[in-house]
Amino acid sequence: MTTLAQRRRRDRLTVLSFMAPVLLGLLVFLVYPLVASVYFSFTTFDLVNAPRWVGLRNWEHLLQDPNVRTAAANTAWLVVVLVPARMLGALATGMLLARFKRGAGLYRTLFYLPALAPPVAATLAFVFLFKPGTGPVNTLLAQIGVQGPLWFNSPEWAKPSLVLLGLWGVGDLMIIFLAALLDVPKEQYEAASLDGANVAHQFRYVTLPNIAPVLLFAAVTGVIQTLQYFTQAAVAASVASGQATTGGGISSTFGYPEGSTFTYPLWLYVVGFRYGALGYANTLAVVLFVVAAAVTVVMLRRFRSFL
Amino acid sequence: MRLAFIARHSIAIALGAMFLCPIVFLALTSFMASDQTLTADLWPASWHPGNYAEVFARTPLPRYLLNTALYATGATLFMLLASVPAAYALSKLRWRGRTAIFVAIVCMMMLPPQVTTVPLYLMWADYGLTGSLWPLVLPMLLGDAFSIFLLRQFLLTIPDEYLDAARVDGCGEWRTLLRVVLPMARPGIAAAAMFQFFYAWNDYYGPLLYTSENESAWTLSLGLASFRTLHAVEWNIVSAATLLTMVPIVVVFFFAQKAFVQGVTLTGVKG
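Now for a look at the structure at hand. This is a predicted model, so every value here is computed, not measured.

The rules we used
- Residues numbered from 1 in each chain as written.
- Chains lettered and ligands numbered in written order.
- Predicted model: local features only at pLDDT ≥ 70, side-chain atom pairs only at ≥ 80, totals over all residues.
- Heavy atoms only, no water.
- Helix = DSSP H or I, 4+ residues; strand = E, 2+ residues; numbered from the N terminus.
- Buried < 20%, exposed > 50% of the residue type's maximum accessible area, 1.4 Å probe, protein only.
- Contact = heavy atoms within 4.5 Å.
- Areas by Shrake-Rupley, 256 points an atom, 1.4 Å probe, with all protein chains shown as cover.
- Lys, Arg positive; Asp, Glu negative; His and termini not counted.
- Charge placed at Lys NZ, Arg CZ, Asp CG, Glu CD.
- Salt bridge = Lys/Arg side-chain N within 4 Å of Asp/Glu carboxyl O.
- Buried area = accessible area lost by both parts, 1.4 Å probe.
- Polar contact = N/O pair within 3.5 Å; in protein donor to acceptor, adjacent residues only side chain to side chain.
- Nonpolar A, V, L, I, M, F, W, Y, C, P; charged D, E, K, R; others polar.
- Patch = residues over 30% accessible without salt bridge, like charges linked within 9 Å, V, L, I, M, F, W, Y side chains within 5 Å.
- 1 Å grid on protein atoms, 1.4 Å probe; cavity = no way out; pocket = protein on both sides within 12 Å on 5 of 7 lines; lining within 4 Å.
- Points joined across faces, edges and corners; volume = space filled by probe spheres on them.
- Phe/Tyr/Trp six-rings, centres within 6.5 Å; stacked < 30°, edge-to-face > 60°.
- Lys NZ or Arg CZ within 6 Å of the ring centre and 35° of its normal.
- Axes fitted to C-alpha atoms, helices over the stretch in contact; angles between N-to-C directions.
- Parallel < 35°, antiparallel > 145°, perpendicular 65-115°, else oblique.
- Left-handed = near helix turned anticlockwise from the far one by under 90°.

Some thoughts on the overall build of chain A
- Along its length, chain A carries 13 helices and two strands.
- Here chain A holds 307 residues, and 51% of them are scored as buried.
- Within chain A, contacts between residues separated by at least 24 positions form 66% of all contacts whose residues are at least 6 apart in sequence.
- Accessible surface, chain A as shown: approximately 14500 Å² in total, 64% of it carbon and sulfur.
- The average position of the 21 basic charges and that of the 11 acidic charges among the side chains of chain A differ by 6 Å.

What follows is the structure, given as structure tokens:
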């Protein structure tokens, strides 16, 4: 017979045996960099000179920085449009493929291919396909009598084009949804259809509740990743503008055209690694972290049952 | 039934063609002569399979391939070792502070990589491990936030009754995890492992940061990027190199996705 206290103690040790490496990881990869970053946000320094305390100066500067406003607006637009679009696209393709018995492997590979391509290469190929004058997409549209837009070269269409690029690479999310969909117990569908549930009802009362934890994962990580949206915006802008795709020149095309693809992480990069103002870059980063944390906590609260 | 079958395959084929489009474009470009890549033509005027031989001649591709495979495999194995038990404790064990720790793990994903770079780089430099892939593989032994979150959400979909049954039979928590949960969560674990593997395979920022100075530790993505800079105008060669780096993961994926199907047959007992 073990006493309650002994059992409690043993349970705590059990939890510790599962969690120990990760708890250490939290200290090294979250607490330490975060504390350092908050400290640096009150300093000014570059890679040559040591940090010098300047109090709230970076924070005051941030409030008056017009680039922050543009970049934040573009990033917010992407979060609101890109994340739901990718989730719907992934769910639709995932549900389509979940119904296949034969040939599914080939389709899965096909749909996943764009996500397997290195992001830089994928963006390059995509922008070339959507070239306004000579690209295959607009050539095809012209054949059915539609005048295609300027896509990545138009301030109105640049962000929607980035959403299309995100949808094209939706295979990664699709794989996650597919795994969740394949895990839904078949018996529940059978029971539901015996009760006379139609397809819509089955989706609402069997599929959705079963995959809800995975949907929450997709929403939270989608928002976090979109807040850190960098590579695709940088490469698309530089290729569409016809400038260099690598090297120091790349940041000169950030946001092309007319700042429409200028996202918050791009500004962070320019400030930190082009202007070498690492103190202010850390201020920008802390703001990004706080916004991401606030949004995430709201989302996790909203779906408390999965916590 | 028949009609639904045809409809399903038509949609899938149409979608598949759309997904494939830019890859085909890349493939066609890889066979062009250098000067044709600057025109709007899509179809090669003359075919140059020699572009592929060029890639091998100009880069130590096998060396990059080996490094990439080591990084991707090591990172995936280490990630699973630490992250699966943590995801289990976060989803299936009740303990005080569980929610707080979970939120902290999600927070780890929010730090922009550019921010943690400087302090972490200095840390690895202190240990003398820069110039190798160790700074990218070793941290996985301390868990990966993205994978823990993903695995946890998958484990939540497993009904607790199965675990309770195992505990009543006298299974300890570790045994319950290994014997009951692992087989049932196969599709989810396969997805997380694949994600980690492909992330590492395509990772550019990490290898750039830690191995730039030592070319013998370079990965494919790094080789590809430097290749792109050196031969910026030679789109045909760059396209060929891009496709060559993709071939191994496409093959891995084609076979790895069978793990999902196996997962379904194994979890047939569930529910």
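Focus on the overall build of chain B
- A tally of regular secondary structure across chain B gives 14 helices and zero strands.
- Overall size of chain B, expressed as C-alpha extent along the three principal axes, is 70 × 65 × 30 Å.
- By residue count, 56% of the 271 residues in chain B fall in the buried class.
- Long-range contacts, defined here as pairs at least 24 residues apart, represent 72% of the contacts in chain B between residues at least 6 apart.
- Accessible surface, chain B: about 12000 Å² in total, of which carbon and sulfur atoms supply 70%.

Concerning the pattern of salt bridges
Residue and element names in this part refer to chain B.
- For the structure on display, the rule yields five salt bridges over all chains.
- With its nearest N and O atoms 2.8 Å apart, the salt bridge here joins Glu 54 to Arg 58. Note that Glu 54 and Arg 58 are positioned in helix α2 (residues 50-58) at a spacing of four residues, about one turn of the helix.
- Across the salt bridge formed by Glu 173 and Arg 167, the nearest N and O atoms sit 3.0 Å from each other.
- In this structure Arg 167 comes out as partly exposed when scored by relative accessible area, which is 25%.
- The network of salt bridges with common partners includes Asp 164, Arg 167 and Glu 173.

Some details on the interface of chain A and chain B
- Listed as interface residues are 83 residues of chain A and, on the opposing side, 88 residues of chain B.
- Counting the surface lost from both chain A and chain B, the interface buries some 7900 Å², and carbon and sulfur atoms represent 79% of this.
- One can count zero salt bridges joining chain A with chain B.
- One can count seven residue pairs in polar contact (both at pLDDT 80 or more) joining chain A with chain B.
- Top contributing element to the side of chain A that touches chain B by residue count: helix α1 (residues 4-40) of chain A, with 18 residues.
- The residue inventory of the side of chain A that touches chain B, partitioned by class, reads 61 nonpolar, 15 polar and seven charged.

Observations regarding a positive patch on the surface
- Taken together, Arg 8, Arg 9 and Arg 12 of chain A together with Arg 96 of chain B make up a surface patch of like positive charges.
- Along the chain, Arg 8 of chain A falls in helix α1.
- For Arg 8 of chain A, a relative accessible area of 54% puts it in the exposed group.

Some details on empty space enclosed by the protein
- A full pass over the atoms with the stated rule returns six cavities of 30 Å³ or more.
- Looking at the largest cavity, its volume works out to about 250 Å³.
- Lining the largest cavity are 22 residues, and of these Phe 128 of chain A together with Phe 25, Thr 29, Thr 37 and Trp 235 of chain B lie nearest its centre.
- Of all elements in the fold, only α5 (119-129) of chain A together with α1 (2-30) and α13 (235-256) of chain B reach the threshold of two or more residues within the lining of the largest cavity.
- Among the residues making up the lining of the largest cavity, the classes are represented as twelve nonpolar, seven polar and three charged.
- Space inside the second largest cavity adds up to approximately 130 Å³.
- Lining the second largest cavity are 15 residues, with Leu 278 and Asn 282 of chain A together with Gln 114, Val 115 and Val 118 of chain B positioned closest to its centre.

A few points about the packing of aromatic side chains
- Counted under the stated rule, the structure contains 37 aromatic pairs over all chains.
- Here the aromatic rings of Trp 267 of chain A and Tyr 275 of chain A are separated by 6.2 Å at their centres, their planes lie at 85°, and the arrangement is edge-to-face.
- You can call Tyr 275 of chain A exposed: its relative accessible area is 57%.
- Ring geometry for Phe 31 of chain B and Trp 47 of chain B: centres 5.5 Å apart, planes at 50°, overall tilted. With Phe 31 of chain B in the loop between α1 and α2 and Trp 47 of chain B in the loop between α1 and α2, this residue pair connects regions lying 16 residues apart in the sequence.
- Its relative accessible area of 23% is what places Phe 31 of chain B among the partly exposed residues.
- These aromatic residues form a ring-pair network of at least three members: Tyr 39, Phe 40, Phe 42, Phe 45, Trp 53 and Trp 59 of chain A.
- Looking at Lys 159 of chain A, its charged tip hangs above the ring of Trp 77 of chain A, at a distance of 5.7 Å from the centre.

Considering a nonpolar patch on the surface
- Among the surface-exposed residues, Leu 106 of chain A together with Val 247, Val 251, Phe 254 and Phe 255 of chain B lie close enough to one another that they form a single nonpolar patch of about 470 Å² accessible area.
- With four residues, α13 of chain B is the largest single contributor of residues to the nonpolar patch.
- On the secondary structure map, Val 251 of chain B appears in helix α13.

Let's talk about the packing of helix α2 (residues 57-64) of chain A against helix α13 (residues 278-302) of chain A
All names here are of chain A.
- Their axes nearest at 9 Å, the elements α2 and α13 cross at an angle of 65°. In this view, α2 runs roughly perpendicular relative to α13, as classed from their interaxial angle. Considering the relative orientation of α2 and α13, their crossing is right-handed. Note on element contacts: α13 touches α2 through Gly 279, Tyr 280, Thr 283, Leu 284, Val 286 and Val 287, opposite Asn 58, Trp 59, His 61 and Leu 62.
- Residue composition of the contact of α2 with α13, by class: six nonpolar, four polar and no charged.

What to know about unusual backbone geometry
Residues and elements named next belong to chain A.
- Note that the residue after Tyr 256, namely Pro 257, is joined by a cis bond; omega there is -5°.
- Examined against the element boundaries, Pro 257 turns out to sit in the loop between α11 (231-240) and α12 (264-274).
- The phi torsion at Trp 151 lies on the positive side, around 50°, for a residue other than glycine.
- With respect to the element layout, Trp 151 can be found in the loop between α6 (136-143) and α7 (158-168).
- Among the residues examined, Trp 151 registers a relative accessible area of 8% and is labelled buried.

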